[in-house]
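Geometric and topological summary
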Amino acid sequence: MVAVRQREHRQYFPKPGWVEHDPMEIWANTQRTAAQVLADLPGGGEVVALGIANQRETTVVWDRVTGRPVTRALVWQDTRTADLVIELAARPDAGLVQERSGMAIAGYFSGPRLRWLLDHVPRARERAERGELLFGTMETWLIWNLTGGPDGGVHVTDVTNASRTLLMDVRSCRWDPDLLDFFGIPAAMLPEIRPSVGVLGVATALSPALPIAGALGDQQAALFGQACFAPGEAKCTYGTGSFLLQNTGAELVHTRSGSISTVAYQLAGEPVHYALEGSVAVAGALVQWLRDGLGLISSAAEVETLARTVADNGGCYVVPAFSGLLAPHWRGEARGLVAGLTSYVTKGHLARAVLEATGWQTRDVVQAMAADSGLSLPSLRVDGGMTTNNLLMQFVADALDVPVVRPMVGETVSLGAAYAAGLAVGVWSDVEALRRNWHRAAQWTPTPERAVALTAEYPRWERAVELSIAWGAP
Amino acid sequence: MSHGRRASARPPDALASVVVPGTVQSIERAAAILQVVAASGGTLGVTDIAEAVGLAKTTTHSLLRTLLHVGYVDQDRATGHYAVGAGILRLGSHLDVNELRARSSNWADALAARSGHAVRLATLAGEDEVVVVHHVFRPDDSVQVLEVGTALPARTTALGKVLLAHALGHRPPRAAADSWAGELAEVRARGWAVDRGEHHPGRGGIAAPVRGPGGMVAAALGVNGPLTSLVDGRGTPRGLLLGMVTDAASAVSRELGAGGA
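Residues numbered from 1 in each chain as written. Chains lettered and ligands numbered in written order. Predicted model: local features only at pLDDT ≥ 70, side-chain atom pairs only at ≥ 80, totals over all residues.

So, on to the interface of chain B and chain A. Contact residues are listed per partner, giving 17 residues for chain B and 16 residues for chain A. Here the residues of the side of chain B that touches chain A are counted per class, giving eight nonpolar, four polar and five charged. (Contact = placed C-beta atoms within 7 Å. Nonpolar A, V, L, I, M, F, W, Y, C, P; charged D, E, K, R; others polar.)

Here it is, written out as structure tokens:
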């Protein structure tokens, strides 16, 4: 890594459950940080290609002539489509969505957000049908602007982002006319679906001959940056939430157990690689709650210090279903709970239960994936802020009974985008060359006795999850 | 200085008249002195402090000298006035070891990647040992075991020498006093320490201090590996490597808010 620039953009919360970003601000920040990074390069270093990784499922609609968004972007955490999704899921032909897109209808994905925009922005539908409006996820918006915007901008999306819309046939990797009918989306506004690794256009806004040669959704970029190129290889990113992706190779896995099938990546001219994904909404966010909501710690890292004041959880379990549970349960009505309270339980036990919740949720997801794919997990590659927590990482290793491995470069999302772009323009010859770049910085090895004990304890956690779902039931 | 201000610096009870059975008198006296020094805002000399705590000037002076030695008070050379020392400030802003690991992680990774050596961050645990707080593997994908939580001898490792050199009130054992005190003074002066096979024959380490808020040394950051890869034929640390270690330690210090340290 030779240079880093970052810039935060504003989050808008106009109503409870609504989360928006200003696409113009993101574009301005991108131009500015890119120019700064180019200026930062030591010794007049040369940039040979640009790669993009983006938060997935965030939805933008803009005017192709003026380049102005019709409204702010609907962000992936936005839950305004909840009612729309219930309505759509109740239709007799709703089974089509799972069958073609590989994913059940949920407000988490961008298709329902696009439908909401078409329904609620004045004249949006008729203008979209006339081809005046364009749709994109964030990488599409940035690529269009980088390649000229209204003046010849390229309107493309990478296949991993397209797979998160519910509008794409996950086998052929083309927009599916029946799904477009189902959601009521005009085909004229959709970008062209392209491989993740391959030249997408020239970033004339930054430099006359700089190719944009890679684009991936952030979690797929982390999978790529972690060099998980073989079936079975998996990574988990522990941030606010946790996102586990396991490469399943060229075969699409039919899921029944609560994981979802998604596109991992595609190299130009090659078949698509698929992945199973398990998204957990609350991981690090639970530690933040311990800090900000309860005031038991003054920094996130101190949760380990507090947890180490006791030897075990004292019978206490925390289910962090703050706004329902995602994978593998998909129960939006579930609400959080603390189970097993006795007068014996101290804040130390609570801290341990908070960390263990992230470990147990990882086990939930891994079990669902194993049931769906039949692939065993050789080891779990981890990244994200919580990987500096040794107690948690050892717990994950024991709960899964597999080694947990942290790579030397923690910025796996950016690294994955850079790998994709570099691979496309020949900086690296093939994925094996990228694999040789990957180095282990730490490894947590499961302790056999602990693994046995945690398997025996796991039903307690499952019971707590059942109770959290029951608590939230109408 | 007004009389009123001096009065407000006086502890509520005159110290000489309050002796609680079973307590250590000199610690009570030192605590009272610290209260007076803290309340005065660095405006009192030994005479005023002795009067405020109700002790003889010679007793007060000897207590102040001890507090000065451990870093709990500082003395202004020009005025002779006493102020609260950095050692006291550090007591209140204790750096959590897990916080240390989280904040140093990016720099420790970069040090391992660039140097090709294993990296360890350690804190002092008593007079004889240091504890590994963070460990990054040597980036060659060989089998290695995470050493977080492992205790290492303080006197024979580079990490330990850095920490002992900056430890408050550290006194070398009598037998080795001269050479040991000399080595620690050297470590303090040049800002790094080296272990030339003292802990493990043929293996060694280079380490530099990591400073926390207020500039006090909070940890030591270093590389370790085969001695020949760390030092040249005369036992001098290889320049490029030494620069990487001291740069990384400074970067972590800045991350922790050590200011100009």
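So, on to the nonpolar core. If you look at the biggest cluster of nonpolar residues, it comprises 190 residues, and the most contacted ones within it are A:V354, B:A207, B:L221 and B:V245. Considering each element in turn, this core owes the most residues, 11 residues, to helix α12 (residues 347–373) of chain A. Those residues in contact with B:L221 that lie beyond four places of it in its chain are B:S104, B:A108, B:L121, B:A207, B:A208, B:V210, B:V245, B:A248, B:A249 and B:V252. Judged by nonpolar contacts, the second largest core, of 15 residues, contains B:I33, B:V37, B:L44 and B:L64. (Core = buried A, V, L, I, M, F, W, Y, C linked by C-beta atoms within 7 Å. Buried ≥ 20, exposed ≤ 12 C-beta atoms within 10 Å, placed from the backbone. Helix = DSSP H or I, 4+ residues; strand = E, 2+ residues; numbered from the N terminus.)

Residue and element names in this part refer to chain A. Here strand β18 (residues 380–383) shows a buried face lined by L380 and V382 and a second buried face lined by R381 and D383. Where strand β12 (residues 234–238) and β18 come together, four bridges link them in parallel fashion. Within the sheet, the bridge partner assigned to T237 lies in β18 and is D383. One ladder, built from two bridges, connects β18 with strand β19 (residues 404–407); its direction is parallel. Each residue of the ladder has a partner; that of R381, found in β19, is V405. (Pairing = 2+ DSSP bridges.)

Attention now goes to the pairing of strand β2 (residues 50–54) of chain A. For a regular strand, side chains alternate in direction, first toward one face of the sheet and then toward the other. Extensive coverage of β2(A) is indicated by the burial of five of its five residues. Because side chains alternate across β2(A), one face comprises the buried residues A:L50, A:I52 and A:N54, and the other comprises A:G51 and A:A53, equally buried.

Another point: helix α7 (residues 158–165) of chain B. Every α-helix winds through 3.6 residues per turn, so residues three or four apart in the chain are directed the same way. Most of α7(B) sits out of view: eight of its eight residues are buried. Listing the buried residues of α7(B) in full gives B:A158, B:L159, B:G160, B:K161, B:V162, B:L163, B:L164 and B:A165.

Right, let's get into the packing of helix α9 (residues 218–225) of chain A against helix α14 (residues 412–424) of chain A. All names here are of chain A. It is at 7 Å that the axes of α9 and α14 come closest, and there the two elements cross at 75 degrees. The orientation of α9 with respect to α14, classified from their angle, is roughly perpendicular. Of α14, the residues touching α9 (which contributes D218, A221, A222, L223, F224 and G225) are T412, V413, L415, G416, A417, Y419 and A420. Considering only residue class, the contact of α9 with α14 consists of nine nonpolar, three polar and one charged. (Axes fitted to C-alpha atoms, helices over the stretch in contact; angles between N-to-C directions. Parallel < 35°, antiparallel > 145°, perpendicular 65-115°, else oblique.)

Here we take up the packing of helix α2 (residues 25–40) of chain B against helix α3 (residues 46–53) of chain B. Residues and elements named next belong to chain B. One can describe the packing of α2 onto α3 by two numbers: an axis separation of 10 Å at closest approach and a directional angle of 120 degrees. Looking at the two axes, α2 sits oblique to α3. The element α2 and its partner α3 pack so that their crossing is right-handed. The segment α2 lies against α3, with R29, A32, I33, V36 and V37 engaging I49, A52 and V53. Of the residues assigned to the contact of α2 with α3, the class counts are seven nonpolar, no polar and one charged. (Left-handed = near helix turned anticlockwise from the far one by under 90°.)

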